[in-house]
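Per-entry structural report
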Amino acid sequence: MKHLDLFAGIGGFSEGLAGISQAVAACEIQPTSRAIYRANHPGVPIVDDIKAMKGDAFGPVDIVCAGFPCQPWSVGNRQRPGPKGLDDPRGAIIWEMLRVIREASPKHVIMENVSGIKKFLPHLRTIFNREGYRLKWKDWNLHHDLGLAQRRRRFYLVAWKDGTMPFEFPKPKPGRKQVLHDILDLHPDPSYDVPAGTWDYWMSKFWLTGRGTVSFCPIVNELHEPIFTFTKTAGSDARRFLVSTPGKERPRRLTISEIKRSMGFPEDYAFPVSRTRALQALGNAVSPVPIRLIGQAIQAA
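This text gives an overview of the structure that appears in the document. For every chain, the first residue of its written sequence is number 1, and the numbers climb from 1 along that sequence. This being a predicted model, a pLDDT of at least 70 is required before a residue's local features are given, and a value of 80 or more before pairs of side-chain atoms are given or counted; all residues contribute to the totals for chains, interfaces and linings. Heavy atoms throughout the structure, all of them, feed into the side-chain values; hydrogens and water do not.

1. Side note on the overall build of the protein chain
- The helix and strand labels rest on DSSP assignments: H or I over at least four residues marks a helix, E over at least two residues marks a strand, and numbering proceeds from the N terminus. Within the protein chain, the regular secondary structure consists of eleven helices and twelve strands.
- Within the protein chain, buried positions represent 49% of all 301 residues.
- Sequence separation of 24 or more characterises 66% of the internal contacts of the protein chain that already satisfy a separation of 6 or more.
- Element-wise, carbon and sulfur atoms account for 52% of the exposed surface of the protein chain, whose accessible area totals about 14300 Å². Any residue under 20% of the maximum accessible area for its type is buried, any over 50% is exposed, and the rest in between are partly exposed; the area is computed with a 1.4 Å probe on protein chains only. Contacts are assigned to residue pairs that have any heavy atoms within 4.5 Å of one another. To be clear on the numbers: accessible area is Shrake-Rupley with a 1.4 Å probe, and residue cover counts the displayed protein chains and nothing else.

Written out as structure tokens, the structure reads:
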């Protein structure tokens, strides 16, 4: 099989489909994500703007993947003033995605987004029905449903063309569920340690709001629990992803390798960018593990 990778990020879709489908082209607007994608999927042409992407320019494809922007549907965005969902310019980009799908005419479409998109799912189903596709979705948590060491809840949507065998989501069998302790580096780089001055500053800024919620509080992940959802914001904010280090007074930051493992990326997945850029890109990434399960189900149909 062959696929187009829209809003490709660092390549979670294409990594998940490795051995199942070959990427013939990708589309990604962020330079950092393009650099990471290119390093891990060499030879795949990358278009930087969805508006310039032509679905029929790369030959017949079986699948279109799309990790379309999640910000318009996110909890954080719902709490801010301004347009939401399809009224947000970032949400309206879905019309460009549909144009590419119409031009490519794949048998299947695989999409991923945050849980906030749930309220818009009936609307999306109507849109896809008009395009000649049926649509199903599944709410999966990387830890609870798939056994990875991160609490990351995402919605996975699969559309199939009328006349194609109806798609059924597989039932994951995670076995033993990983926790933070399972993914730690044996010898983390000392540069991930939190300096004494930084830690003292964080502690001096710690306070409780009148509603009883914590503000400016460093979050130390428990060794025998999965880590919290790692987001792009978390990639920029070192306070939020720390781990206790035996024998040391202060915790350290989680490493790129540890975050990568918590999402199911292989050990040799390359990040030829700065640490901060790599962590921000990981916060926006699609885990390859659920995509592999979906791809295998499509392949077996």
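From this point, the narrative continues.
2. Quick word on the pairing of strand 5 (residues 108-114)
- Burial of strand 5 is extensive: seven of the seven residues sit out of reach of the surface.
- At least two bridges found by DSSP between two strands is the condition for calling them paired. Pairing of strand 4 (residues 63-66) with strand 5 involves four bridges; the strand directions are parallel. The partner of alanine 66 across the bridge, within strand 5, is methionine 111.
- Direction of pairing for strand 5 relative to strand 7 (residues 153-161): antiparallel, over a ladder of seven bridges. Within the sheet, the bridge partner assigned to valine 109 lies in strand 7 and is alanine 159.

3. Details of the sheet that holds strand 11 (residues 242-243)
- Read from one edge of the open sheet, three strands run 10-11-12, paired in mixed fashion. Of all the strands in the sheet, the pair left with one neighbour each is strand 10 (220-221) and strand 12 (252-253).
- As paired elements, strand 11 and strand 12 share two bridges and run antiparallel to each other. Across the sheet, valine 243 pairs through a bridge with arginine 252, a residue of strand 12.

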